[in-house]
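Letter by letter, the chains look like this.
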Amino acid sequence: MVNCEESTCTNIQSAICLHCLRRLCSMHILVHEKIISKETNELYEQIDEVAEQLNVSLQHIHTAYEESRQKLNTWRQDHIDKIKQKHTEQYQKDNLTKLEDELTQRLIKEQQDSTQLELNGNKIDESSVIQMNSSQQQYTNSQLLATNRAISSPSNQTISTTSPLSRTPIKRPIMFSSKKIVKYFKNISGSDDQNLEDYIVKDLHSLSHVNNIMLVFLSLFDAWHSRNLSTVYNDQSLSYHIKNLKKYIKQQEHQLTVIAAIQVFINNCKYSDSQSNTMFTNLFQFFLTNECITKETIIDWYKNGDYYGYEGFQKAKLWAQSFFKDLIDNPL
Ligand SMILES: [Zn+2]
Ligand SMILES: [Zn+2]
């Protein structure tokens, strides 16, 4: 007979614990069972606690994941929206540029057509004298045309027939620039020089030379200075392009058109008298120095500029006054 494995117990073994294989007496096996049972309960509680903690952690992970996913989605949508907006803007800009080009071409075409109409009108004028005499018509086509002409270009009405000049004022003067040429003028790397030349020679050939010069120089001034940046003057584009443009200014009439372009451009800027005066002085000085306009032409314009029919002459004369005075006082 073997004794109970509990120390100091002298009872005989009567049971084996199936968990730890200890051999104990009937009394100690009961004590042992109680201890085991208590420990088991404690373990269960610990398991529950750990399970609870795991649950909470899992919940946190879920929440964090969900938040990140939403943030990522928002970020993704934001970027898609930005790209779409950028694309729409660029698309509209491209379309606008195209539309602007088309409109410029149309204006040029209409300019050409109206000049043609003018010429035809003059022909009818001559023949209508006979018509009037023979049939006593009260209102001939030519009269209608003449009336329309007077309405559409009121500046022609004020012209005195005793003008000191033999030149005729510009009929239907062009007063706009071309976005395309402005773009070419802003480039001083030389890479657009051929495009510019081609455009002037091919696309503008239908215009009278004077209107051609007007369009080109108004575009040059737009490249030089924009009302959006009223203190910025891009002098480089002026000095770069003038050497190529000089060849288009062949006669005094062309010089006068360049001055008229200065007048129209500064008038359109609608700046203070002081800023307009500075711009006038700088541009006059620039063209004089580059021998595009002569002192004589400036004097001619100053005295007779109203005659050419471009708007804003009286104001322009005021802005040019200080330059003109210096010019007269200091013979070149
Ligand atoms: Zn046991
Ligand atoms: Zn025992």
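Residues numbered from 1 in each chain as written. Chains lettered and ligands numbered in written order. Predicted model: local features only at pLDDT ≥ 70, side-chain atom pairs only at ≥ 80, totals over all residues. Heavy atoms only, no water.

Taking an unreviewed UniProt entry as the reference, the chain is identified by name as W2 domain-containing protein belonging to Adineta steineri.

Engineer: Explanation requested: empty space enclosed by the protein in the structure shown.
Structural biologist: By rolling a water-sized probe across the atoms, one finds the places where empty space is left. Counting across every chain of the model gives 2 cavities of 30 Å³ or more. Its boundaries defined by the atoms lining it, the second largest cavity holds a volume of some 40 Å³. Looking at the lining of the second largest cavity, its residues break down into 5 nonpolar, 2 polar and no charged. (1 Å grid on protein atoms, 1.4 Å probe; cavity = no way out; pocket = protein on both sides within 12 Å on 5 of 7 lines; lining within 4 Å. Points joined across faces, edges and corners; volume = space filled by probe spheres on them. Nonpolar A, V, L, I, M, F, W, Y, C, P; charged D, E, K, R; others polar.)

Engineer: Any chance you could explain helix α5 (residues 209-224) here in plain terms?
Structural biologist: Helical geometry note: an α-helix holds 3.6 residues per turn, so side chains three or four residues apart project in the same direction. In this model α5 runs 22 Å from its N-terminal to its C-terminal C-alpha over 16 residues, within 8% of the 22 Å that 1.5 Å per residue would give. α5 sits mainly inside the fold: 14 of its 16 residues count as buried. (Helix = DSSP H or I, 4+ residues; strand = E, 2+ residues; numbered from the N terminus. Expected span 1.5 Å × (residues − 1). Buried < 20%, exposed > 50% of the residue type's maximum accessible area, 1.4 Å probe, protein only.)

Engineer: Could you clarify how one ought to interpret the coordination of the zinc ion (ligand 1) in this entry?
Structural biologist: At 1.8 to 2.1 Å from the zinc ion (ligand 1) lie its protein donor atoms, namely C17 (SG), C20 (SG) and H32 (NE2). Counting the intervening residues between successive donors of the zinc ion (ligand 1) yields the motif C-x2-C-x11-H. You can see C17 sitting in the loop between β1 (15-16) and β2 (23-24) and its partner H32 sitting in helix α1 (residues 26-135), a full 15 residues away along the chain. By relative accessible area, which is 12% here, H32 ends up buried. (Donors = N, O, S within 2.8 Å, 3.2 Å for Na, K, Ca; no water.)

Engineer: Honestly, the coordination of the zinc ion (ligand 2) in this entry has me stumped. Any pointers?
Structural biologist: By definition of the ideal shapes, four donors in a tetrahedron about a metal sit 109.5 degrees apart, and six donors in an octahedron sit 90 or 180 degrees apart. Bound to the zinc ion (ligand 2) on the protein side are C4 (SG), C9 (SG), C25 (SG) and H28 (ND1), at distances that span 2.1 to 2.4 Å. Each of the 4 donor atoms around the zinc ion (ligand 2) contributes to a set of angles spanning 99 to 119°, which defines the coordination as tetrahedral. Between the donor residues of the zinc ion (ligand 2), the gaps in sequence give the motif C-x4-C-x15-C-x2-H. Taken as a pair, C9 in the segment before β1 and C25 in the loop between β2 and α1 lie far apart in primary sequence, 16 residues in all. A residue is classified by how much of its surface remains accessible, and C9, at 12% relative accessible area, is buried. (Tetrahedral: all angles 85-135°; square planar, octahedral: opposite > 155°, others 65-115°.)

Engineer: How should I be thinking about a nonpolar patch on the surface in this particular structure?
Structural biologist: Residues L96, L99 and L103 make up a contiguous nonpolar surface patch of about 280 Å² in total accessible area. Mapped onto the secondary structure, L96 falls in helix α1. Under the relative-accessibility criterion, L96 is labelled exposed at 52%. (Patch = residues over 30% accessible without salt bridge, like charges linked within 9 Å, V, L, I, M, F, W, Y side chains within 5 Å. Areas by Shrake-Rupley, 256 points an atom, 1.4 Å probe, with all protein chains shown as cover. Salt bridge = Lys/Arg side-chain N within 4 Å of Asp/Glu carboxyl O.)

Engineer: Whenever I open this one, the packing of aromatic side chains confuses me. Can you help?
Structural biologist: Geometry of an aromatic ring pair is reported as the spacing of the ring centres plus the angle between the planes. Overall, the coordinates contain 15 aromatic pairs when judged by the stated rule. Taking 5.9 Å as the distance between ring centres and 25° as the angle between the ring planes, the aromatic pair formed by F280 and W301 counts as stacked. Remark: W301 occurs in helix α9 (residues 295-304) and F280 occurs in helix α8 (residues 273-289); sequence separation between them is 21 residues. Taking relative accessible area as the criterion, W301 reaches 1% and is therefore assigned buried. Pairing Y302 with F324 gives two aromatic rings, centres 3.7 Å apart and planes at 10°, and the pair type is stacked. (Phe/Tyr/Trp six-rings, centres within 6.5 Å; stacked < 30°, edge-to-face > 60°.)

Engineer: I'm lost on the packing of helix α3 (residues 179-186) against helix α4 (residues 193-203) in this one. Help?
Structural biologist: Geometry of a packed helix pair, given as the angle between the helix axes and the separation of the axes. Two numbers describe how α3 lies on α4: the axes approach to 9 Å, and their chain directions differ by 150°. If you check the angle between α3 and α4, you find them roughly antiparallel. Crossing geometry of α3 relative to α4 is assigned as left-handed. Between α3, through K180, I181, Y184 and F185, and α4, the contact on the second element is made entirely by N195, L196 and Y199. Residues of the contact of α3 with α4, tallied by class, amount to 5 nonpolar, 1 polar and 1 charged. (Axes fitted to C-alpha atoms, helices over the stretch in contact; angles between N-to-C directions. Parallel < 35°, antiparallel > 145°, perpendicular 65-115°, else oblique. Left-handed = near helix turned anticlockwise from the far one by under 90°. Contact = heavy atoms within 4.5 Å.)

Engineer: Just to check I follow, could you spell out the packing of helix α7 (residues 252-269) against α9 for this structure?
Structural biologist: Across the interface, α7 lies against α9 with an axial gap of 10 Å and an inter-helix angle of 60°. As summarised for this structure, α7 and α9 are arranged oblique, according to the angle between their axes. Here α7 runs over α9; the crossing is right-handed. Here Q252, Q255, L256, I259 and Q263 of α7 lie close against α9, whose contacting residues are E296, T297, I298, D300 and W301. Along the lines of polarity and charge, the residues of the contact of α7 with α9 split into 4 nonpolar, 4 polar and 2 charged.

Engineer: Looking at this structure, I do not really get the nonpolar core. What am I missing?
Structural biologist: Soluble globular proteins tend to pack their nonpolar side chains together in the buried interior. Residues F217, F284, F287 and W301 are the most contacted members of the largest nonpolar core, which totals 61 residues. Within the residue set of this core, elements represented by two or more residues are α3, α4, α5, α6 (235-245), α7, α8, α9 and α10 (313-329). Ranked by residue count, the leading element in this core is α5, at 11 residues. F217 has contacts with I242, L245, I249, V258, A261 and F287, leaving out every residue within four places of it along the chain. Core analysis: the next-biggest nonpolar cluster, separate from the first, contains 6 residues, C4, L24, C25 and I29 among them. (Core = buried A, V, L, I, M, F, W, Y, C linked by side-chain atoms within 4.5 Å.)

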